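Chain by chain, the residues:
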Amino acid sequence: MLSRIFVKFVKDESGATAIEYGLIAALVSVAAIAALTSLGGSLTNIFTVVDNALTTAATSAASSSTSP
């Protein structure tokens, strides 16, 4: 009886599939975090340039609209 339960347990591969999917999800998460971390500095620079351009445009528009 105990040997049949053990053999059935050894042949059951459903848990292995779940573990494989978990490992793949963890690997994808680590890759995404690494990619976003490396792009973080670039994105900060891009948003700084856009912020400066919008601030300059808003200042120019405000000063030209108040002139007679």
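Refer to the structure printed above.
Residues numbered from 1 in each chain as written. Predicted model: local features only at pLDDT ≥ 70, side-chain atom pairs only at ≥ 80, totals over all residues. Heavy atoms only, no water.

1. So, the overall build of the protein
Then, in step 1: Looking only at helices and strands, the protein has two helices and zero strands in total.
Then, in step 2: The C-alpha radius of gyration of the protein comes to 29 Å, more than 25% above the 11 Å expected for a compact globule of 68 residues.
Then, in step 3: Overall, the C-alpha framework of the protein stretches about 100 × 20 × 10 Å when taken along its three principal axes.
Then, in step 4: Burial analysis of the protein (68 residues in total) assigns 0% to the buried set.
Then, in step 5: Surface summary for the protein: the accessible area is close to 6,000 Å², and the carbon and sulfur share equals 73%. (Helix = DSSP H or I, 4+ residues; strand = E, 2+ residues; numbered from the N terminus. Rg over C-alpha atoms; globule rule 2.2 N^0.38 Å. Buried < 20%, exposed > 50% of the residue type's maximum accessible area, 1.4 Å probe, protein only. Areas by Shrake-Rupley, 256 points an atom, 1.4 Å probe, with all protein chains shown as cover.)

2. Side note on a nonpolar patch on the surface
Then, in step 1: Together, L39, L43, I46, F47, V50 and L54 make up an exposed nonpolar region whose accessible area comes to about 590 Å².
Then, in step 2: With respect to the element layout, L39 can be found in helix α2 (residues 14-66). (Patch = residues over 30% accessible without salt bridge, like charges linked within 9 Å, V, L, I, M, F, W, Y side chains within 5 Å. Salt bridge = Lys/Arg side-chain N within 4 Å of Asp/Glu carboxyl O.)

3. Some details on the environment of S42
Then, in step 1: The topology assignment puts S42 in helix α2.
Then, in step 2: C-alpha of S42 to C-alpha of V30: the two residues are twelve residues apart in sequence and 19 Å apart in space.

4. Quick notes on the environment of G22
Then, in step 1: Along the chain, the position of G22 falls in helix α2.
Then, in step 2: Remark: the alpha-carbon pair of G22 and S3, spanning 19 residues in sequence, is separated by 30 Å.

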